[in-house]
Amino acid sequence: KMLSDSNRILTTTSSVFPLTIFPTTLNVEATRITIIYRQLFSSQVHSVDIKDISNVLIETGILFATLTIISRTYTENNITIGTIWKSDAIFIRRIIEGLRMLAEENMDTTNYTVEELLQKLKKLSTTKIVL
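So, here is what we can say about the structure in this document. Because the structure is predicted, anything quoted here is derived from the model rather than measured.

1. Here we look at the side chain of Ser15
Within the secondary structure layout, Ser15 lies in the loop between strand E1 (9–14) and strand E2 (25–29). With residues near it in sequence (within four places) discarded, Ser15 still touches Thr20, Pro23, Thr24, Gly82, Thr83 and Ile84.

2. Description of the sheet that holds strand E4 (residues 43–49)
Spatially, 4 strands are ordered E1-E2-E3-E4 in an open sheet, and the strand pairing comes out antiparallel. Bordering the open sheet on either side are E1 and E4, each of which pairs with just one other strand. Put simply, the sheet's adjacent strands are angled 15° from each other on average, direction ignored. Inspection of the sheet shows E1 paired to E2 by 5 bridges, in the antiparallel sense. Directly across from Ser14, in E2, lies its bridge partner Thr25. The strands touched by helix H2 (residues 86–104) within the sheet are E1, E2 and strand E3 (32–38), with E2 carrying the most contacts at an inclination of about 35°.

3. Remarks on the nonpolar core
Ranked by internal contacts, the top residues of the largest apolar core, which has 27 residues, are Leu26, Val28, Ile33, Ile53, Ile69 and Ile96. Counting residues per element, the ones that place at least two in this core are E2, E3, strand E5 (53–60), strand E6 (64–71), strand E7 (78–85), H2 and helix H3 (114–124). Counting residues per element, this core draws most heavily on H2, at 6 residues. Sequence-distant contacts of Leu26, defined by excluding residues within four places in its chain, comprise Thr11, Thr12, Thr13, Ile33, Thr34, Ile35, Leu67, Ile69, Ile81 and Ile92.

4. Description of H2
In this model, H2 (19 residues) spans 27 Å end to end at C-alpha, consistent with the 27 Å of a helix rising 1.5 Å per residue. Of all the residues in H2, the buried ones are Ala89, Ile92, Ile95, Ile96, Glu97, Gly98, Leu99, Arg100 and Leu102. Two residues or fewer after H2 comes Asn106, characterised by a positive phi angle close to 55°.

5. With respect to the sheet that holds E5
Strand order in the open sheet made by the 3 strands is E5-E6-E7, with antiparallel pairing throughout. Lying at the two open borders of the sheet, with one neighbouring strand each, are E5 and E7. For this sheet, the mean inter-axis angle between neighbouring strands, taken without regard to orientation, is 15°. With 7 bridges joining them, E5 and E6 adopt antiparallel strand pairing. Paired with Val56 across the bridge in E6 is Ile69. Helix-sheet contacts for H2 involve E5, E6 and E7, and the interaxial angle to E5 is about 165°.

6. Re the pairing of E3
When you tally the buried positions in E3, you get 5 out of 7 residues, the bulk of the element. Sheet analysis places E2 next to E3, joined by 4 bridges and oriented antiparallel. Bridged to Asn27 within E3 is Thr34. Here E2 folds back onto E3 in antiparallel fashion, the turn holding 2 residues. Here E3 runs beside E4; their pairing, made up of 7 bridges, is antiparallel. Directly across from Ile33, in E4, lies its bridge partner Val48. Between the end of E3 and the start of E4, which pair antiparallel, lie 4 residues.

Rules used throughout
Residues numbered from 1 in each chain as written. Predicted model: local features only at pLDDT ≥ 70, side-chain atom pairs only at ≥ 80, totals over all residues. Heavy atoms only, no water. Helix = DSSP H or I, 4+ residues; strand = E, 2+ residues; numbered from the N terminus. Contact = heavy atoms within 4.5 Å. Pairing = 2+ DSSP bridges. Axes fitted to C-alpha atoms, helices over the stretch in contact; angles between N-to-C directions. Core = buried A, V, L, I, M, F, W, Y, C linked by side-chain atoms within 4.5 Å. Buried < 20%, exposed > 50% of the residue type's maximum accessible area, 1.4 Å probe, protein only. Expected span 1.5 Å × (residues − 1).

Right under this line is the structure:
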């Protein structure tokens, strides 16, 4: 049960098509994030454990944003997903920051449904973001 619950996708977003011909997808799970970079005939998948994320940055425009995840262990340290909806970037950042807080406290999230967990994560990260 713990294995299946820890791999539940809590939220997902992709770079906006047609502005990005081969969209990048970001999946946020309870214990890690997975980024899928697509190309013409191939793709790359990167996973980073929530506990290994040191920071989440957002650069915003009027409609779109770039989300940068800084990892303690990833070789290049920065994982960037561009041309995503601004509201998605803000939401994803809040969820990741909440998961980071839970990971620091070694909290077990397997007892919550996806909806319950998302509600708790939103409450944990209630800092007003000025954009």
